[in-house]
Amino acid sequence: MEIKGLTFAHNKKTIFKDFSIYLPEHEITCILGNSGVGKTTLLKLLANIHQTYAGRIEGNQKQLSYLFQEPRLLPWKTVFENVEYVLLNKFSKSDRNKRIVDILDQVGLLNEKDAFPHELSGGMRQRVAIARAFVVNPDILLLDEPLQGLDIVKKQEIQQLLLNLWGKHQPTVVYVTHDIEEAIRAGHQIFIFNGQPVFVQFQCFVHTPIIKRNELSHQHYLQAVRTHLMLQMKMANENKMNDIKNMVEQQSKDRKII
Ligand SMILES: Nc1ncnc2c1ncn2[C@@H]1O[C@H](COP(=O)(O)OP(=O)(O)OP(=O)(O)O)[C@@H](O)[C@H]1O
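Below is a short write-up of the structure. (Residues numbered from 1 in each chain as written. Predicted model: local features only at pLDDT ≥ 70, side-chain atom pairs only at ≥ 80, totals over all residues. Heavy atoms only, no water.)

**Description of the site of the ligand**
Filter applied, for reference: A cutoff of 4 Å decides nearness: a residue is near a molecule or strand if any of its heavy atoms lies inside that distance of it. Whenever a nitrogen or oxygen atom comes within 3.5 Å of another N or O atom, the pair is scored as a polar contact, on the condition that within protein one atom can donate a hydrogen and the other can accept it, and that pairs from neighbouring residues in sequence are kept only if both atoms are in side chains. Using a 1.4 Å probe, accessible areas were evaluated by the Shrake-Rupley method; residue-level cover was limited to the displayed protein chains. Strands here mean DSSP runs of E at least two residues long; helices mean DSSP runs of H or I at least four residues long; both are numbered from the N terminus. Classification convention: Asp, Glu, Lys, Arg as charged; Ala, Val, Leu, Ile, Met, Phe, Trp, Tyr, Cys, Pro as nonpolar; all other residues, Gly among them, as polar.
Taken together, 15 residues surround the ligand, and among them Lys 13, Ser 35, Gly 36, Lys 39 and Thr 41 come closest. Contact distances for the ligand include 2.7 Å between an oxygen atom and a side-chain N or O atom of Lys 39. The contact in question runs from an oxygen atom of the ligand to an N or O atom on the side chain of His 178, over 2.8 Å. Protein coverage of the free-state accessible area of the ligand, which is 630 Å², stands at 64%. For the shell around the ligand, the secondary structure elements donating two or more residues are β2 (13–22) and α1 (39–46). Of the residues belonging to the shell around the ligand, the class tally is 2 nonpolar, 10 polar and 3 charged.

Structure below.
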């Protein structure tokens, strides 16, 4: 997917002005940035929720799933029915059944298929939302702080589940988070959004394959990525514009920054 020369305003507040970004197919792009900078707005633009803008958004006309901070389940429907909801009118009953059983098995909720959302823990509800997002086999997956509100153990568990599912289906992912660690574990490329309107992004390309990121041999490299991102976030907070511009120029010479 690619955004070219995007300009978008909420009422009179310009969020994006002549903004461009490349989102490689079958890769995970993580987006970090201060609260209110425009991260969710970008996802809504990609999902066609905001339709009035100038510029071009390319490659988002495919099957798209959107996972929010909160699971947004229908409380009167069971786990099975919540997942089935997005398949209605698209597949026969037996095809739906096969897909749902398969995805509920993958998220570890097959035994809970007849439970209602209020009977599940927060982590389980988010697993249902993940199943609902993946059951359509999306080409594009938009994640808006999907681990928000979970405890540290659940966060890691659910993120691992997301990464495993990504490995099987390989959708193009745009993953918004506030958490550098989350971004480092998941992202092939990481951007930091800054300013209002969003006028610059930092880029960081993580070369270690996702499945190897927990290995000790890669810890030194990942520590360097972490330090670099923390420095950039700090500079963004302090609005050190010239330093930021110099660094971005250096980065844009190739897909490598450290
Ligand atoms: N429906 C809306 N109407 C008017 N302004 C809006 C609307 N939605 C968002 N905004 C404004 O647009 C800006 C960007 O909001 P957005 O939700 O994209 O930020 P964000 O980076 O996702 O923030 P957070 O990390 O806190 O979720 C904010 O200043 C916000 O106040």
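From this point, the narrative continues.
**Quick word on the layout of surface pockets**
Applicable threshold: Computed over the protein atoms alone on a 1 Å grid, cavities are sets of points where a 1.4 Å probe fits but cannot get out and pockets are open sets with protein on both sides within 12 Å along at least five of seven lines; a residue lines them when it has an atom within 4 Å of a point. Grid points are joined across faces, edges and corners, and a volume is the space filled by probe spheres set on the points.
Approximately 170 Å³ is the volume found for the largest pocket. Along its surface, the largest pocket is lined by Gln 160, Leu 163, Asn 164, Trp 166, Gly 167, Arg 185, Ile 210, Ile 211, Arg 213 and Asn 214. The greatest single-element share of the lining of the largest pocket, amounting to 5 residues, is contributed by helix α5 (residues 152–169). A breakdown of the residues in the lining of the largest pocket according to their chemical character gives 4 nonpolar, 4 polar and 2 charged.

**Re empty space enclosed by the protein**
Empty space among the atoms becomes visible once a probe the size of a water molecule is rolled across them. Following the criterion strictly, the structure yields 1 cavity of 30 Å³ or more and no others. There is about 60 Å³ of room inside the largest cavity. Together, Ile 28, Phe 134, Leu 141, Leu 143, Leu 162, Leu 163, Trp 166, Pro 171, Val 173, Tyr 175 and Ala 186 line the largest cavity. The set of elements that each furnish at least two residues to the lining of the largest cavity consists of β6 (140–144), α5 and β7 (172–176). A per-element tally of the lining of the largest cavity places α5 first, with 3 residues.

**Considerations on the sheet that holds strand β1 (residues 2–10)**
This is how it is decided: Between any two strands, pairing holds if DSSP finds at least two bridges. Axis geometry follows a simple rule: fit a line to the C-alpha atoms, using only the stretch in contact for helices, then measure angles between N-to-C directions, giving values from 0 to 180 degrees. Contact criterion: two residues are considered in contact whenever any of their non-hydrogen atoms come within 4.5 Å of each other.
A sheet is described by the order of its strands in space; here 3 strands give the open sequence β2-β1-β4, paired in antiparallel fashion. Two strands in the sheet have a free side with no partner beyond their single neighbour: β2 and β4 (54–58). For this sheet, the mean angle separating the axes of adjacent strands, direction not counted, is 30 degrees. Relative to β4, β1 runs antiparallel, the two sharing 4 bridges. Each residue of the ladder has a partner; that of Glu 2, found in β4, is Glu 58. Packed onto the sheet, α1 meets β1, β2 and β4 and runs at close to 115 degrees relative to β1.

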